[in-house]
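Letter by letter, the chains look like this.
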Amino acid sequence: MAAAAICSLFIINKSGGLIYYKDYGSAGRMDTNDSLRVASLWHSMHAISQQLSPTVGCSGIELLEADSFDLHCFQSLTGTKFFVVCEPGMPHMDALLKVIYELYTDYVLKNPFYEMEMPIRCELFDVNLSQAVQKDRGAFLGR
């Protein structure tokens, strides 16, 4: 059951468009339209939370805890949002999101064929992302 600890990964551009989605075997696999709706909804909730927060300089929601899942979010300085849906109580998701961001900067942004704000189609990013997630799962399992 721990192998499915990370359910899915979303990357949203600064305009709220879904530029990357990866499902890691969650029970309720989403179709393309559902993943676009989730990304759009999260972008909107994140923006509203920044405006409604009583704290000056709030950067938005970083963790959403529910009974059956946790949603961890990292927003880069450029406004790109990375969020992971995982099982409740998963440790070190913030560190995993930062590793994913580093992979994004190394393999997507440095790719001369990638156009900013467009969907990510980069094999090196996919391969290294899979390795990072597997490594994270191994750390969770104590291997």
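Cut-offs used in this document
Residues numbered from 1 in each chain as written. Predicted model: local features only at pLDDT ≥ 70, side-chain atom pairs only at ≥ 80, totals over all residues. Heavy atoms only, no water. UniProt positions renumbered as here; feature names shortened; annotations may be inferred. Salt bridge = Lys/Arg side-chain N within 4 Å of Asp/Glu carboxyl O. Helix = DSSP H or I, 4+ residues; strand = E, 2+ residues; numbered from the N terminus. Buried < 20%, exposed > 50% of the residue type's maximum accessible area, 1.4 Å probe, protein only. Phe/Tyr/Trp six-rings, centres within 6.5 Å; stacked < 30°, edge-to-face > 60°. Pairing = 2+ DSSP bridges. Axes fitted to C-alpha atoms, helices over the stretch in contact; angles between N-to-C directions. Contact = heavy atoms within 4.5 Å. Core = buried A, V, L, I, M, F, W, Y, C linked by side-chain atoms within 4.5 Å.

As recorded in an unreviewed UniProt entry, the chain goes by the name Trafficking protein particle complex subunit, listed as coming from Punica granatum. Under the UniProt heading Subunit (unreviewed entry), the entry covering the chain gives this text: "Part of the multisubunit transport protein particle (TRAPP) complex." Comment text from UniProt for the chain, heading Sequence similarities (unreviewed entry), reads "Belongs to the TRAPP small subunits family. TRAPPC4 subfamily."

**Observations concerning the pattern of salt bridges**
Going through the model one piece at a time under the given rule, you end up with 2 salt bridges. Of the charged contacts in the structure, one is a salt bridge between Asp 34 and Arg 37, with a shortest N-O distance of 2.6 Å. Taken together, the residues Asp 34 and Arg 37, both in helix H1 (residues 32–52) and 3 residues apart, mark about one turn of the helix. On the basis of relative accessible area, Asp 34 is assigned to the partly exposed category, the value being 28%. Assessed through its relative accessible area of 52%, Arg 37 is described here as exposed. Lys 110 is paired through a salt bridge with Asp 106; the nearest N and O atoms lie 3.3 Å apart.

**Here's the deal with the packing of aromatic side chains**
Considering all chains together, one arrives at 9 aromatic pairs under this definition. Both rings, one in Tyr 20 and one in Phe 125, keep their centres 5.2 Å apart while their planes meet at 80°; by these two values the pair is edge-to-face. Within this pair, whereas Tyr 20 is found in strand E2 (residues 18–23), its partner Phe 125 is found in helix H3 (residues 123–141), the two being separated by 105 residues in sequence. The residues Tyr 20 and Phe 125 share a single accessibility class, namely buried. By the ring-pair criterion, three or more aromatic residues cluster together here, those being Phe 10, Tyr 21, Trp 42 and Phe 83.

**Side note on the sheet that holds strand E5 (residues 81–86)**
Reading across from one edge, E2-E1-E5-E4-E3 is the order of the 5 strands in this open sheet, with antiparallel pairing throughout. Single-partner strands in this sheet number two, and they are E2 and strand E3 (63–65). Each neighbouring strand pair of the sheet contributes to a mean axis angle of 10°, computed without reference to strand direction. By the bridge criterion, 6 bridges tie strand E1 (residues 6–12) to E5 in an arrangement that is antiparallel. What sits directly across from Ser 8, in E5, is Val 85. Contacting E1, E2, strand E4 (70–75) and E5, helix H2 (residues 93–109) crosses the sheet at an angle of about 135° to E5.

**Notes on the nonpolar core**
Note on soluble globular proteins: their nonpolar side chains tend to be buried together. Grouped together as the largest cluster of nonpolar side chains are 25 residues, with contacts concentrated most on Val 84, Tyr 104, Ile 120, Phe 125 and Leu 129. At the level of secondary structure, the elements contributing two or more residues to this core comprise E1, E2, E5, H2 and H3. At 7 residues, the largest contribution of residues to this core is made by H2. When sequence neighbours within four positions are dropped, the list of residues in contact with Phe 125 reads Ile 11, Tyr 20, Ile 100, Leu 103, Tyr 104, Tyr 107, Val 108 and Ile 120. Grouped together as the second largest cluster of nonpolar side chains are 10 residues, Phe 10, Ala 39, Leu 71 and Val 85 included.

**Concerning the environment of Leu 103**
One can find Leu 103 in helix H2. For the pair Leu 103 and Asn 128, spaced 25 residues apart in sequence, the C-alpha to C-alpha distance is 7.2 Å. Aside from chain neighbours lying at most four places away, what touches Leu 103 is Val 108, Phe 125, Asn 128, Leu 129 and Ala 132.

**Considerations on unusual backbone geometry**
The backbone of His 92 shows a phi angle near 50°, a positive value even though the residue is not glycine. Counting through the fold element by element, His 92 comes out in the loop between E5 and H2. With a relative accessible area of 36%, His 92 lands in the partly exposed category. The backbone of Glu 117 sits at a positive phi, close to 70°, despite the residue not being glycine. Here Glu 117 lies in the loop between H2 and H3. Taking relative accessible area as the criterion, Glu 117 reaches 25% and is therefore assigned partly exposed.

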